[in-house]
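Survey of secondary and tertiary structure
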Amino acid sequence: MAELDDVVAAVAASPAIRAKRSIGLVSEVLGASGWVEGPGDDGAAVDVDGRTVIACGEALWPPFVRADPYGAGVAAVLTNVNDVAAMGGLPLGIVDTVVADEATARSALEGMREAARLYDVPIVGGHLTISADAAPSISAFAVGSADALLSTTHVREGQDLVVAACTDGVMREDFPFFPSFDERGQDLAGDVRLLADIARKGLAVAAKDISMAGLVGSLAMLLEWGTFGAEVGLAALPAPRDVPLAWWCTCFPCYGFLLTCERGQTDACVHAFTSRGLSAARVGGIDGTGVITLTAGGRSLPALDLTRVRVTGLGVR
């Protein structure tokens with residue numbers, strides 16, 4: 001029961017969730033955003049002669065780049081691959097931009113090379129500026145393809161909420177990141193491509209990767225398009241044994257996804273993950289309250305109220 005209070009307090013104090021609100025600048029400047037075709041957060045689906053192409057990009061957090069350029073290079077690839085997967089897509093290629101001194105740039109590119117190997121996605125181009133004066137920065141962009149789209153716009157009341165994750169790993173001490181590279185190794189490439197298979201088979205209709213905003217913040221981003229709510233049972237949540245639940249619910253896991261399923265497909269969706277040795281479970285359901293409610297030990301507490309506070313602040317057209 002104490003964990004419930006800890007998780008709610010951690011969500012309320014999360015700087016990553018607060019930082020997401022600045023994304024609303026996109027709507028202020030460019031106008032209201034489409035949640036499928038963009039401009040907006042994460043990926044966009046673009047029709048190209050009848051085929052769906054997924055395009056996305058990610059700028060790495062500058063303090064992370066300075067502290068661990070190799071890790072930032074790895075993250076530049078994995079964040080884009082996860083974004084493509086969350087829309088039901090298969091990653092086809094990565095391009096990057098790096099501005100840094102030579103040692104930092106080399107380390108960042110080595111991280112990208114390793115992640116590209118693990119995820120079996122080629123780095124097909126980019127831009128490099130070597131500068132000893134500029135603050136180091138890394139951005140990366142991905143292109144993918146999708147036969148069936150997993151979209152936030154498919155979320156509806158009455159759907160089941162599934163959390164799937166790799167819970168094998170060790171939390172970083174300096175950043176709220178839970179890597180699973182050593183534990184999953186060569187399975188990672190197949191893990192991210194699993195969501196495209198789930199989309200094709202209709203086992204889920206919407207998905208969101210769990211990123212810097214953490215599990216609860218990412219769930220809010222999944223739901224805010226329609227101001228939906230959800231009840232999440234913490235006891236059912238796939239989670240590492242040795243990580244406090246408050247950390248797990250506010251961290252960025254290497255592999256973690258939220259999915260919504262029509263009730264007749266939920267068991268098959270969960271099985272698709274568990275059959276690969278990943279953790280997955282139905283943790284709750286989608287409702288029309290606009291409030292994300294967490295439950296544990298017979299108690300319930302609201303974690304985020306989307307009728308009062310937006311997460312990204314993006315306007316919807």
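Here the structure is a predicted model, which is why all the values come from computation and not from measurement.

1. Some thoughts on the overall build of the chain
Check the secondary structure of the chain and you find 11 helices and 14 strands. A compact globule built from 317 residues should have a C-alpha radius of gyration of about 20 Å, and the chain, at 18 Å, falls within 12% of that. Taken over the C-alpha atoms alone, the chain extends approximately 55 × 45 × 45 Å along its principal axes. When the 317 residues of the chain are sorted by exposure, 56% land in the buried category. In the chain, 81% of the contacts between residues at least 6 apart in sequence involve partners at least 24 apart. As presented, the chain carries roughly 13,200 Å² of accessible surface, and 53% of it is formed by carbon and sulfur atoms.

2. What about the nonpolar core?
Core analysis: the largest hydrophobic core is formed by 60 residues, its most contacted members being Y119, F181, L195, I198, L259 and F273. If one sorts the elements of this core by residue count, helix α5 (residues 69–86) sits on top with 10 residues. Ignoring sequence-local partners within four residues, the contact set of L259 consists of D160, L161, V162, A164, L195, I198, A204, A206, A207, C269 and F273. One finds I17, L215, L237 and V311 within the second-largest nonpolar core, a separate group that totals 43 residues.

3. Some remarks on helix α11 (residues 266–274)
Restricting attention to buried positions, one finds in α11 the residues T266, C269, V270, A272 and F273. Angularly, the buried residues of α11 cover 150° about the axis, an arc narrow enough to put them on a single face. Relative to its buried face, α11 has exposed residues pointing more than 90 degrees away, namely D267 and H271. Packing partners of the buried residues in α11 comprise β6 (160–165), α8 (188–201), β11 (256–261) and β12 (279–287).

4. Side note on the side chain of T295
Mapped onto the elements, T295 comes out in strand β13 (residues 291–296). Discounting residues that sit within four places of it in the chain, T295 has contacts with L4, E231, V232, G233, L234 and S300.

5. Side note on α5
Helix length check: α5, at 18 residues, gives a terminal C-alpha distance of 25 Å against a target of 26 Å (1.5 Å per residue), a fit within 8%. Counting buried residues along α5, 17 of its 18 residues qualify, which places the element largely inside the surrounding structure. Looking one or two residues past α5, G88 carries a phi angle of roughly 80°, positive in sign.

6. Topic: the sheet that holds β13
Pairing within the open sheet is mixed, and its 7 strands lie in the order β8-β11-β6-β12-β9-β13-β14. On the outer flanks of this sheet lie β8 (206–209) and β14 (299–305), each paired with one strand and no other. If you compare each strand with its neighbour and ignore which way they point, the axes differ by 25° on average. Pairing geometry for β6 and β12, over 6 bridges, is antiparallel. Across the sheet, the residue bridging to L161 is G284, located in β12. Strand contacts of α5: β8 and β11, with the helix running at about 170° to β8, the strand carrying the most contacts. Taken strand by strand, helix α9 (residues 214–223) contacts β6, β8, β9 (229–233), β11, β12, β13 and β14, and its axis lies near 140° from that of β8.

7. Things to note about the packing of α5 against helix α6 (residues 102–119)
α6 packs onto α5 with a crossing angle of 40° between their chain directions and a minimal axis gap of 6 Å. Classified by the interaxial angle, the pair formed by α5 and α6 is oblique. Regarding α5 and α6, the two cross each other, and that crossing is right-handed. Residue-level contacts link P69, Y70, G73, V74, A76, V77, L78 and V81 of α5 to T104, S107, A108, E110, G111, M112, E114, A115, A116 and Y119 of α6.

Definitions and limits used
Residues numbered from 1 in each chain as written. Predicted model: local features only at pLDDT ≥ 70, side-chain atom pairs only at ≥ 80, totals over all residues. Heavy atoms only, no water. Helix = DSSP H or I, 4+ residues; strand = E, 2+ residues; numbered from the N terminus. Rg over C-alpha atoms; globule rule 2.2 N^0.38 Å. Buried < 20%, exposed > 50% of the residue type's maximum accessible area, 1.4 Å probe, protein only. Contact = heavy atoms within 4.5 Å. Areas by Shrake-Rupley, 256 points an atom, 1.4 Å probe, with all protein chains shown as cover. Core = buried A, V, L, I, M, F, W, Y, C linked by side-chain atoms within 4.5 Å. Arc of directions from axis to C-beta. Expected span 1.5 Å × (residues − 1). Pairing = 2+ DSSP bridges. Axes fitted to C-alpha atoms, helices over the stretch in contact; angles between N-to-C directions. Parallel < 35°, antiparallel > 145°, perpendicular 65-115°, else oblique. Left-handed = near helix turned anticlockwise from the far one by under 90°.

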